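# Coordinate inspection notes
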Amino acid sequence: MSRHELITSTPKALKQLAGGLSVANKAAACFDISGTITTGIYCVAVTCLLLARGIETANMRGWIR
């Protein structure tokens, strides 16, 4: 995989991962699982989204070569 393909495909993969974690978090909440676990899942999902945004922004502005 070339560097360009990696940079363009990583944000998409991170967003899909965040979406899956969001669904898992909702399922965990339905089964009355500890708030600490659901908060942890939520934090990982948000981190994935922030990383995806950062990579997209850096690529769009030409910071990644």
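Analysis parameters
- The residue count restarts for each chain, going from 1 along the sequence in the order it is written.
- A pLDDT threshold of at least 70 governs which residues receive local features in this predicted model, and a stricter bar of 80 or more applies before side-chain atom pairs are shown or counted, although totals over entire chains, interfaces and linings include all residues.
- The side-chain numbers reported here are obtained from all heavy atoms of the structure, hydrogens and water having been left aside.
- Helix and strand definitions here come from DSSP, where helices need a minimum of 4 consecutive H or I residues and strands a minimum of 2 consecutive E residues; each element is numbered from the N-terminal end.
- Exposure categories follow from relative accessible area, calculated using a 1.4 Å probe and restricted to protein chains: below 20% of the type maximum is buried, above 50% is exposed, and the middle band is partly exposed.
- In what follows, a contact means two residues having at least one pair of non-hydrogen atoms within 4.5 Å.

### Regarding the side chain of Thr38
Examined against the element boundaries, Thr38 turns out to sit in helix H2 (residues 35-60). Judged by relative accessible area, Thr38 falls into the buried class, the value being 14%. Every residue in contact with Thr38, bar those within four places of it in the chain, is listed here: Asn25, Ala28, Ala29 and Ile33.

### Topic: the environment of Cys48
Residue position: Cys48 is located in helix H2. On the accessibility criterion, Cys48 (8% relative accessible area) is buried. On a C-alpha basis, the gap between Cys48 and Leu6 in space is 16 Å, while along the polypeptide they are 42 residues apart. With residues near it in sequence (within four places) discarded, Cys48 still touches Leu14, Leu17 and Ala18.

By themselves, these figures tell us nothing about what the structure is for.
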